[in-house]
Every structure is written in structure tokens, then in C-alpha cells.
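# Structural characterization, general
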Amino acid sequence: MRTKKSVKITRFDENFKTSYNFKVGRNLSVDFGIHTAEFPNDDDDPTEYPLNVEELGLSSIDMISVFKQYYAEQGTTLYRFLLYGSDKKMYVNEMFDQDFNLYDLYDLTFEDKPIVLTYKNGDTDAIIMSSKNDMKIWKSGYSPYTIPDVPIVTSMCMNDGVLFCTIQNPIYKIWYATDLNFENIGQINENSGYISLNDDLGHPRKVLSFDDSVYVFRDYGISKITFIKGQISVTPVYTSNTKLFSNTVTSCGNIILFMTKDGIFSFNGVKVSQVKTNLPYDFSTLNAGAVASSLGDKYYLALKIDFLDGRRIGSEFCDNYVNNAIIILDLSDLSYQLIRGYDIKEFCPFKTELKECMLTLFNTQRETEIGEITKLGDNHFDSRVPRTWETYDLVDRSTNKEFVQLVYTGTKGVYININYDGETKQVFVSHDGTSKFNFKIRARTVDVQLFSDRVDSEIEELSLDYYEY
């Protein structure tokens, strides 16, 4: 006795095995791509051009940052693009001024990649640049000056006029300074001092100012620092069983997001919750190089994923790649796109009146380029990328079946693999709309893979008819 049945896929963000280079939501679509970063010429000319990075002759770009400076006397705001390269020099470009060259920033050099923090000192915009050898302060209208003999800073934030820093040694100390000239950082006096964190939450890795408070992200938890009238207290607010990847910590709107090997988590200042994304990936892979940032309501996370498919894409051809995937998570609806094949070193949010985008640097393959994540999903440095979505077994294996028809609704140019008992039947979608494919496949179960390299892919629904006997 044969019974006709059907299995339908009407949501592509549920119960799937893997996907990359598609935007995964109710439908499959194409959203983001990456290309060489370009910037407007000036206020009157929106034509975009890349910065002239090649002329610097660098072997890698290790840090980029955007510094907004307001000049009260002229009533003008300038945007400075900062770049630190393999020659250990800091370069600057005055943006939107019809000049795309980069120039030495007062001949500043740093022994290794500096950590930067922008802040206001009264009405003056300023930036701190801290590296192994020293700390430098650059204020609007002045030349940078050096603060010698400071601890090696690993992260810093400003809250209510107080600077907080995690340091390399001794790693369990948080230094703070209330004097905005910072000459006393690393000393104990009325303007500066330190907090020791020696409890079971592990070493402090990152400080972040959020919602008028300072939070310390540590190996296995989060502490809150309260600074009132010169009195400091520290309170543990979260304990984790797994290690937090500190370079994935970033504020995004009214929450903080971070990653552990168990997934992506949010923190609102009181409670930690796991973000339910339906991401089918194992985050327990060694992810010491994972990094993240945010722009608008999107969380950008670069990490290493073992896709378990035997394929190599983009940066995966490099033996020493650190990351191979970017997850762009839209917090408004928890849809996401995973871009595979890029080894991201760091993200840099770029937000000005003329342009808003997420910039990237690369560990491998494109070490001397600045990338821009764009809504033009076809533009992956002018090349097409493979896009994949794959199911688990669609039906249980307990009975014999004959699969007879697959119905597809979406755009053309998609290859569909129907995998069964170690064999594969492939069909090709040659027109937009609904396509029906008839066949006879005897098997206990099947799974389905979708492949495309088209930028206009939009897949709405799949169904598979079969007889059970």
C-alpha cells in the first residue's frame, strides 16, 4: 500500500545544515558583498574613489580608524582617516577634500599596532593612541604629544571624564585616570590609580563604557565598575562556563553583543541572554582571532568555521588563515548572511554625513587593501562567489520511499542536488517562477543542496513529493 506524502520548505532559516553567501531568512536572497573601499570626493561631488594605499609600499595594513575633529574657531568639522601599516608609521588622510593620498602623521611611529580611543576634552576633540613604547595624545588644532612610561594598554574606554584601561602586565589590574591630560596614568596619586581583579572570573580583557557605566569583560564573566565621587567599587554581574572572546565584544544600540564557543550572546547591563539565530555552526573551533563590530542594528562577526564540506573558498587556500567567515546579523529580525572566504583582521565602522559603511582589513590574501562591506552582493572584488544552502535528511529513514517530484519557486540559475544513498541527481532551474522536476528515486531518505553564483538569487519555497510503502 503506497501513501503519497509531501515535505515542504517554506522557511529557510529553520532546520538546515549549512549555508553561506546567501542571506538566510524566511527566503534565501543575496544582500551583502565586499569590495575595495571608496569614499566621496567632497560635499558637492558624490563620486567615490579609493585611498591611494599602494603608494605607501606596505606589506600589510594593521589598523584603521576615523577621527572626527571639530574646530570651534572656524565652525567646521573635519574627518581624518588614520592608518597604521607594516612600516610602523601612522598615516592620515583629510577626508572629503579632493585628495585621496595618505601622509605621515607628524612622523609618528609605534612599535606595534596602537589601540586608539576618541574622546572630548571640553569642546576639543582628541584621540589617544597607545602602543608598547608609549601613549600619544592628539587634540584638534595641536600637534600630538607623548606620555612616556605608561603601562602597555590592551583596551581602554572613557566614562564621565575618567579613562579606564586594561593592561598587559600585571594583567589583573585596571588602571584609571581622572586627569584628561593623562600624565599620571600608571601611577598612584589623586588623579590615577588601579583596581585589582583577582577573583574566579579570570583576567580582564576589555573595558567598555555602556549606559553610563563601565563593564569589564573577562575570561569567564563580566564585572561592573562604579566610580562615584572618587570612590570605586567592582561588582560581578555575570559568570560564564565558557571563555568569552574579548575581541567580539561590542555595543550595538541598547545592548552589548559578544561570542563564546556556545554562540552569540547579548548583555543589557543586567542580564545575559543567548541570541536565538538558528545558526547551524559549531563555534567551538579555535577562535582566538575572532573579531566583531557593529553599525546601526547589525552585528558584524568574523570567525573561523569548519564547514565540513571538503571545499576551499577564498582565504581557505592560505595555510595560515585566521578567519574564514563573516556573519552579519540583523538584530531587527535576526536574519543573517554568512560570507565565506574572507580572513578579516578587524572591522572599522565608518559613519559620516556623506557615507556610512563597515570597513575591513584582512589577515591574508588582501593584506594591503581596505575592504568595504556593501549591499551590492555581486561585488566580491569583481568576482562571483559560490552560494550554498543545504538541508539535513528531509524525512525519517524508517520506511522505503519513492521520490517523484520536486517543486521549486524562485529565480533561475540555481542548481539543485538531490542526494540519496550515496548518489546525487542534479537539476537546473532555467526560468524564474515555479519549476517542477519529475523523477523516480527509490531511497529511504534524501537531502537537498542549492547552489548559485548569481547576485539576483531569490528562493521562496521548495517541496518534495514521494510515496511511502
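You'll find the structure just up there.
All figures in this text were calculated on a predicted structure; none of them were measured in a lab.

## Considerations on the overall build of the chain
Helix and strand content of the chain: 0 helices and 41 strands. Residues classed as buried in the chain amount to 54% of the 469 residues present. Here the contacts in the chain between residues at least 6 apart in sequence split such that 55% fall between residues at least 24 apart. For the chain, the accessible area works out to roughly 21300 Å², and carbon and sulfur atoms hold 43% of it. For the chain, the distance from the average site of its 48 positive side-chain charges to the average site of its 67 negative ones is 10 Å.

## Re the packing of aromatic side chains
Considering all chains together, one arrives at 28 aromatic pairs under this definition. Site record: aromatic cluster; members linked through ring pairs are Phe210, Tyr215, Phe217, Tyr238, Phe258, Phe265 and Phe267. In this structure, arginine 2 is placed above the aromatic ring of tyrosine 467, and the distance from its NZ or CZ to the ring centre is 3.9 Å.

## Some thoughts on the environment of lysine 68
Within the secondary structure, lysine 68 sits in strand S8 (residues 61-71). The class of lysine 68 is partly exposed, set by a relative accessible area of 43%. Considered as a pair, lysine 68 and isoleucine 127 are 59 residues apart in the sequence and their alpha carbons are 9.2 Å apart. Residues contacting lysine 68, with those up to four places away along its chain left out, are Thr77, Leu78, Tyr79, Asp125 and Glu353.

## Side note on the environment of isoleucine 313
Relative to the elements of secondary structure, isoleucine 313 occurs in the loop between strand S29 (298-303) and strand S30 (325-330). Distance in space between the C-alpha atoms of isoleucine 313 and arginine 11 is 27 Å, their sequence separation being 302 residues. With sequence-adjacent residues up to four places away left out, isoleucine 313 is seen in contact with Tyr20, Arg340, Gly341 and Pro386.

## Comments concerning the environment of lysine 224
Counting through the fold element by element, lysine 224 comes out in strand S22 (residues 221-228). Given a relative accessible area of 26%, lysine 224 falls into the partly exposed group. Placed 11 residues apart in sequence, lysine 224 and serine 213 show a C-alpha to C-alpha distance of 7.3 Å. When residues no more than four places from it in sequence are discounted, the contact partners of lysine 224 are Ser213, Val214, Tyr215, Ser233, Val234, Thr235 and Val237.

## Considering the side chain of threonine 352
Relative to the helices and strands, threonine 352 is located in the loop between strand S32 (344-351) and strand S33 (356-362). A polar side-chain atom of threonine 352 sits 3.2 Å from the main-chain amide nitrogen of leucine 354. Non-local contacts of threonine 352, meaning those with residues more than four positions away in its chain, are made with Tyr79 and Phe96.

## Details of the nonpolar core
Judged by nonpolar contacts, the single largest core of 54 residues is most densely connected at Ile416 and Leu450. Residue contacts for isoleucine 416: discarding those within four places in its chain leaves Leu406, Tyr408, Lys425, Gln426, Val427, Val429, Val448, Gln449, Leu450 and Leu462.

## Quick notes on the pattern of salt bridges
Taken as a whole and judged by the stated rule, the model has 25 salt bridges. Here arginine 366 makes a salt bridge to glutamate 369, at a shortest N to O gap of 3.2 Å. In this structure glutamate 369 comes out as partly exposed when scored by relative accessible area, which is 23%. A network of salt bridges, in which partner residues are shared, links Arg2, Glu402 and Arg442.

## Points about the sheet that holds strand S24 (residues 244-252)
Backbone-to-backbone hydrogen bonds join strands into a sheet, with any given pair of strands oriented parallel or antiparallel. Spatially, S24-S25-S26-S27 is the arrangement adopted by the 4 strands of the open sheet, whose pairing is antiparallel. Strand pairing shows two members of the sheet lacking a second neighbour, S24 and strand S27 (272-274), which therefore form its edges. Averaged over all pairs of adjacent strands, the angle between their axes in this sheet comes to 25°, without regard to strand direction.

## Here we look at the sheet that holds strand S20 (residues 204-210)
Read from one edge to the other, the open sheet built from 4 strands follows the order S20-S21-S22-S23, with strand pairing classed as antiparallel. Only two strands of the sheet have a single partner each, and these edge strands are S20 and strand S23 (231-239). For this sheet the average axis-to-axis angle between neighbouring strands, irrespective of direction, equals 25°. Across 5 bridges, strand S21 (residues 213-218) lies against S22 in antiparallel orientation.

## Regarding unusual backbone geometry
Following asparagine 169, the chain continues to proline 170 via a peptide bond in cis, the omega torsion being -5°. Here proline 170 lies in the loop between strand S17 (162-167) and strand S18 (173-177). In the Ramachandran plot, aspartate 421 falls in the positive-phi region, its phi being about 45° despite a non-glycine side chain.

## Focus on the pairing of strand S10 (residues 89-94)
Pairing geometry for strand S9 (residues 76-85) and S10, over 5 bridges, is antiparallel. Directly across from arginine 80, in S10, lies its bridge partner glutamate 94. Counting the residues that bridge the hairpin from S9 to S10 gives 3 residues, and of these lysine 88 lies at a positive phi of roughly 70°. Sheet analysis places S10 next to strand S11 (residues 103-109), joined by 3 bridges and oriented antiparallel. Opposite tyrosine 91, over in S11, you have aspartate 104 as the bridge partner.

Calculation rules
Residues numbered from 1 in each chain as written. Predicted model: local features only at pLDDT ≥ 70, side-chain atom pairs only at ≥ 80, totals over all residues. Heavy atoms only, no water. Helix = DSSP H or I, 4+ residues; strand = E, 2+ residues; numbered from the N terminus. Buried < 20%, exposed > 50% of the residue type's maximum accessible area, 1.4 Å probe, protein only. Contact = heavy atoms within 4.5 Å. Areas by Shrake-Rupley, 256 points an atom, 1.4 Å probe, with all protein chains shown as cover. Lys, Arg positive; Asp, Glu negative; His and termini not counted. Charge placed at Lys NZ, Arg CZ, Asp CG, Glu CD. Phe/Tyr/Trp six-rings, centres within 6.5 Å; stacked < 30°, edge-to-face > 60°. Lys NZ or Arg CZ within 6 Å of the ring centre and 35° of its normal. Polar contact = N/O pair within 3.5 Å; in protein donor to acceptor, adjacent residues only side chain to side chain. Core = buried A, V, L, I, M, F, W, Y, C linked by side-chain atoms within 4.5 Å. Salt bridge = Lys/Arg side-chain N within 4 Å of Asp/Glu carboxyl O. Pairing = 2+ DSSP bridges. Axes fitted to C-alpha atoms, helices over the stretch in contact; angles between N-to-C directions.

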